[in-house]
Structures are given as C-alpha cells and as structure tokens.
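An overview of the molecular structure
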Amino acid sequence: MSKRLIRTFAPAIPNSLPTLLDREVHVVLRNGHTLFGSLKSLIDNILTIKDLRSHSHEIKLSDVEEIIQDCRSSR
C-alpha cells in the first residue's frame, strides 16, 4: 500500500487547521527540529501538540516551518 505526504507550510496552517486537528503529524521547526504527535489546537498563534507519551508541547506558529501528515492512498 502506498503512502503520500501532505505538506502544509506555515502561512497555510490556520486555513488547514480543520483537516489537521487530532491527526498525527510531524511539525518541522525553523531550527530543524521535528516533533511528532497529535495536533490539538491553535490558539493565539500557539500550536499545541500531544506526543506519544501524552506530553503537551506548545509551539509558536512563527517557529514552525511546515507540518507534514502521512496519508495512505486508497489503492
């Protein structure tokens, strides 16, 4: 089964929020670090992500380069 990556760059994140909430995503920061977890909210330009250990991380939207989501194809 093939997969595809959907990349959402920082300026498009607020408009794409409904499709990203409660999904597992990789958040790539401008400094090159990456966080993996479930996107929980975007309030006052602060993203909240819950990682696999159920720790919450708050990240300024200005620090985010892109959000990458794995989607399986229907083939």
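Preceding block: the structure.
Residues numbered from 1 in each chain as written. Predicted model: local features only at pLDDT ≥ 70, side-chain atom pairs only at ≥ 80, totals over all residues. Heavy atoms only, no water.

1. Let's talk about the pattern of salt bridges
Side chains that differ in sign of charge can pair as their charged atoms come close. Scanning the entire structure with this criterion turns up three salt bridges. Glu66 is the partner of Arg7 in a salt bridge, and the nearest nitrogen-oxygen pair spans 2.7 Å. Of this pair, Arg7 sits in strand β1 (residues 3-9) while Glu66 is found in strand β6 (residues 64-72), placing the two residues 59 residues apart along the sequence. Judged by its relative accessible area of 7%, Glu66 is buried. Between Arg30 and Glu65 there is a salt bridge; the shortest N-O distance is 3.2 Å. Taken together, the residues span a long stretch of sequence, with Arg30 in the loop between β2 (24-29) and β3 (34-43) and Glu65 in strand β6 at a distance of 35 residues. The class for Glu65 is partly exposed, based on a relative accessible area of 33%. (Salt bridge = Lys/Arg side-chain N within 4 Å of Asp/Glu carboxyl O. Helix = DSSP H or I, 4+ residues; strand = E, 2+ residues; numbered from the N terminus. Buried < 20%, exposed > 50% of the residue type's maximum accessible area, 1.4 Å probe, protein only.)

2. Thoughts on the environment of His57
Structurally, the position occupied by His57 is in strand β5 (residues 56-60). When its relative accessible area of 26% is taken as the criterion, His57 is described as partly exposed. Counting along the chain gives 29 residues from His57 to Val28, while the straight-line C-alpha distance between them is 13 Å. With near-sequence residues (within four places) excluded, His57 lies in contact with Leu35, Leu47, Thr48, Ile49 and Asp51. Side chain to side chain, His57 and Asp51 meet in a polar contact 2.8 Å long. (Contact = heavy atoms within 4.5 Å. Polar contact = N/O pair within 3.5 Å; in protein donor to acceptor, adjacent residues only side chain to side chain.)

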